[in-house]
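Notes for the structure review
Residue-level listing of the chains:
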Amino acid sequence: MSRYWSDIVHRLVPYVPGEQPVLAHPVKLNTNENPYPPSPRVVEAIRRELGDTGEALRRYPDPSARRLRETVAAHHGIRADQVFVGNGSDEVLAHVFQALLKHEHPVLFPDVTYSFYPTYARLYDVAYRTVALDESFGIRIDDYTMPNGGVLFPNPNAPTGRALPLDRIEALVARNTESVVVIDEAYVDFGARSAVKLIDRYPHLLVVQTVSKARSLAGMRVGFAFGDAALIEALNRVKDSFNSYPLDRLAQVAATASYEDTAWFETNCARVIASRERLTAKLETLGFDVVPSAANFVFARHKDHDAATLAAKLREREIFVRHFKAPRIDQYLRISIGTDTECDTLAGALGELLGR
Ligand SMILES: *Cc1c(COP(=O)(O)O)cnc(C)c1O
């Protein structure tokens, strides 16, 4: 604390990212990174951009990331003016709060969801109200019809992994025409259906995606919003009042190359999904209740063992999982899906810790 701080800094509650351990070979299942490398085409594209001398780095990158937007638009069958890009979808979400969710009524999001949302609401002084998930962590769309300044949730939800069917999402969007509805699809490729195809029909629908999870590019920091050109313009107005060049040259070519290799990404998603089903079965054998997941992580609870203690004991073995000290979920562990070998190491360690 310091008297030099602004009022807003005093009030902030910063998001706490999962630990990035400085260890040679941690079993790192705590931040939902992809266990497989990105497409070789991504590496080639970065090498090509760098060349022998790094000459290209002298110049600023394309501020509008035009080539990347065109490539991603073609991938989704939409227009480039329906695509916004930012430095990770976290940055995209930050601009969404400022540009589209700050109104007279509060923005609504679930009580159990991505913990960056309340952080951004405080940063930008956006009023919000949380809406309780049902007993099995499901989103009840009927609860989101009160007057609101926007609706926001991930599909599949984080950290629960539960997905809403697309027809439920469309029903919610169709009923909520007075405000923007934002669907954060960070995990959509692992088992949910994307709402991107609906943006032509609903000018108040915004879909947010990232290359961090399914495309193995968390280290490049690239995220998107897809929506009506007027919504995208609002985001660009904020972006161009903040940082003209949020995506560096390497990030732009890397993300573009990733969308030019769909087969690679589909193969890896399928591997992660298969490992998820395998790990779920193992955890159930160990006595865990596992929430049905459509994401690259599972959310699991053991009725006889405290989650925080389990997480700490795993950490001693250099196995990292995520535990949230938050209401309703403090007895759960969120476990990212690693390779089968990593999942087996985790299951083996849990077996020993539980005395099984
Ligand atoms: C990981 C995650 C993000 C952020 O992804 P980046 O693109 O890496 O910033 C956004 N929303 C949810 C729900 C996430 O889990």
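Reading the values: the criteria
Residues numbered from 1 in each chain as written. Predicted model: local features only at pLDDT ≥ 70, side-chain atom pairs only at ≥ 80, totals over all residues. Heavy atoms only, no water. Pairing = 2+ DSSP bridges. Helix = DSSP H or I, 4+ residues; strand = E, 2+ residues; numbered from the N terminus. Right-handed = clockwise from strand over helix to strand, strands pointing away. Buried < 20%, exposed > 50% of the residue type's maximum accessible area, 1.4 Å probe, protein only. UniProt positions renumbered as here; feature names shortened; annotations may be inferred. Contact = heavy atoms within 4.5 Å. Salt bridge = Lys/Arg side-chain N within 4 Å of Asp/Glu carboxyl O. Near = heavy atom within 4 Å. Polar contact = N/O pair within 3.5 Å; in protein donor to acceptor, adjacent residues only side chain to side chain. Areas by Shrake-Rupley, 256 points an atom, 1.4 Å probe, with all protein chains shown as cover. Nonpolar A, V, L, I, M, F, W, Y, C, P; charged D, E, K, R; others polar.

This next bit is on the pairing of strand 3 (residues 107–110). In summary, the side chains of a regular strand alternate between the two faces of the sheet. Bridge count for strand 3 against strand 4 (residues 128–131) is four bridges, and the pairing is parallel. Note that in strand 4 the partner of Val107 across the bridge is Tyr128. Of the crossover connections in this fold, the one passing from strand 3 over helix 5 (residues 116–123) to the parallel strand 4 is right-handed. Of the strand pairs in this sheet, strand 3 and strand 5 (residues 150–154) are connected by two bridges, and their pairing is parallel. Paired with Leu108 across the bridge in strand 5 is Val151.

Turning to the pairing of strand 5, a few remarks are in order. In terms of burial, strand 5 is a largely internal element, five of the five residues being buried. Of the two faces of strand 5, the one lined by Gly150, Leu152 and Pro154 and the one lined by Val151 and Phe153 are each fully buried. Sheet topology places strand 5 next to strand 6 (residues 181–184); four bridges connect them, and they run parallel. Paired with Phe153 across the strands is Ile183, a residue of strand 6. On the question of chirality, the crossover connecting strand 5 to the parallel strand 6 by way of helix 6 (residues 166–175) is right-handed.

This part is about the UniProt feature "modified residue: N6-(pyridoxal phosphate)lysine" (unreviewed entry) in the chain. Here, UniProt's "modified residue: N6-(pyridoxal phosphate)lysine" (unreviewed entry) annotation points to Lys213. As for its position among the elements, Lys213 is in the loop between strand 7 (205–210) and strand 8 (223–227). Excluding residues within four positions of it along the chain, Lys213 makes contact with Thr31, Asn32, Asn34, Ala186, Tyr187, Phe190 and Asn296.

What follows deals with the pattern of salt bridges. Following the criterion strictly, the structure yields 18 salt bridges and no others. Taking the shortest distance from any N to any O, the salt bridge between Arg276 and Glu277 comes out at 2.8 Å. Classification of Glu277 by relative accessible area gives partly exposed; the value is 44%. With a shortest N-O distance of 2.9 Å, Arg317 and Glu352 are connected by a salt bridge. On the criterion of sequence distance, the pair formed by Arg317 in the loop between helix 10 (307–316) and strand 11 (319–321) and Glu352 in helix 11 (residues 340–353) is long-range, its members being 35 residues apart. A single salt-bridge network, built from bridges that share partners, covers Arg278, Lys282, Asp340 and Asp344.

This part is about the site of the ligand. Near the ligand you find Gly88, Ser89, Asp90, Tyr114, Asp184, Ala186, Tyr187, Thr210, Ser212, Lys213 and Arg221, and these make up its full shell. In the model, an oxygen atom of the ligand is placed 2.6 Å from a nitrogen or oxygen of the Thr210 side chain. In this structure, an oxygen atom belonging to the ligand sits 3.2 Å away from a side-chain N or O atom of Lys213. Relative to its unbound accessible surface of 390 Å², the ligand loses 92% to contact with the protein. It is helix 4 (residues 88–100) that contributes the most residues to the shell around the ligand, three residues altogether. Within the shell around the ligand, the residues separate by chemical class into three nonpolar, four polar and four charged.

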